[in-house]
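Residue-level listing of the chains:
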Amino acid sequence: MKFYYPVIIKKESETRYHAVFPDLEQCEASGNSLEDVLDHSVEAARCWIEAELEEEEPDLPPATDPADISVSSDEIVRNILVNYRFTEGWEE
């Protein structure tokens, strides 16, 4: 299953980036480069989605359209794709 969620990335210093997901409560990531923070964002979103899917009644929020997100001049918005493979009952 594929999930797309926007992430807001802000450069905090020359060597530090921070990302937050407006749709995934308390889901954040950091990295030493834009590439790092994007990689860490995918992993953070995957963990968040996995934890939610393990709930008895999972509640995955709809994704906000990136065009509807207001950001400051030092922030960017990117869509994050998470491929989640359901393995329960899966035999290889």
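Since this is a predicted model, take the numbers as computed values, not measurements.

**Q** A description of the pairing of strand β1 (residues 2–13) should follow, citing residues and the corresponding values.
**A** As judged from the nine bridges shared by β1 and strand β4 (residues 75–83), these two strands associate in the antiparallel manner. In the sheet register, F3 faces β4, and the bridge partner there is V82. Sheet topology places β1 next to strand β2 (residues 16–20); five bridges connect them, and they run antiparallel. Across the sheet, the residue bridging to I8 is V20, located in β2. Counting the residues between successive antiparallel strands, the hairpin from β1 to β2 contains two residues.

**Q** Tell me about the nonpolar core, residues and numbers included.
**A** By size, the foremost hydrophobic cluster in this structure holds 19 residues, and its most contacted members are I9, F21 and L24. Mapped onto this core, the elements with two or more residues apiece are β1, β2, α1 (34–53) and β4. By residue number, the principal contributor to this core is α1, which donates six residues. Sequence-distant contacts of L24, that is, excluding residues within four places in its chain, are made with Y5, A45, W48 and P61.

**Q** Account for a negative patch on the surface, with residues named and values stated.
**A** Together, E54, E55, E56 and E57 make up a region of like negative charge exposed at the surface. Looking at where E56 falls in the secondary structure, it is placed in the loop between α1 and β4.

**Q** How would you summarise the sheet that holds β1 if you had to cite specific residues and measurements?
**A** Within the open sheet, the four strands sit side by side as β3-β2-β1-β4. Their pairing is antiparallel. Only two strands of the sheet have a single partner each, and these edge strands are β3 (28–31) and β4. Neighbouring strand axes in the sheet, compared pairwise and without regard to direction, differ in orientation by 30 degrees on average. Of the pairings in the sheet, the one linking β2 to β3 comprises four bridges and is antiparallel in character. Along β3, the bridge assignment pairs H18 with S30. In the packing of α1 onto the sheet, the strands contacted are β1, β2, β3 and β4, and the crossing angle to β4 comes to about 50 degrees.

The rules we used
Residues numbered from 1 in each chain as written. Predicted model: local features only at pLDDT ≥ 70, side-chain atom pairs only at ≥ 80, totals over all residues. Heavy atoms only, no water. Pairing = 2+ DSSP bridges. Helix = DSSP H or I, 4+ residues; strand = E, 2+ residues; numbered from the N terminus. Core = buried A, V, L, I, M, F, W, Y, C linked by side-chain atoms within 4.5 Å. Buried < 20%, exposed > 50% of the residue type's maximum accessible area, 1.4 Å probe, protein only. Contact = heavy atoms within 4.5 Å. Patch = residues over 30% accessible without salt bridge, like charges linked within 9 Å, V, L, I, M, F, W, Y side chains within 5 Å. Areas by Shrake-Rupley, 256 points an atom, 1.4 Å probe, with all protein chains shown as cover. Salt bridge = Lys/Arg side-chain N within 4 Å of Asp/Glu carboxyl O. Lys, Arg positive; Asp, Glu negative; His and termini not counted. Charge placed at Lys NZ, Arg CZ, Asp CG, Glu CD. Axes fitted to C-alpha atoms, helices over the stretch in contact; angles between N-to-C directions.

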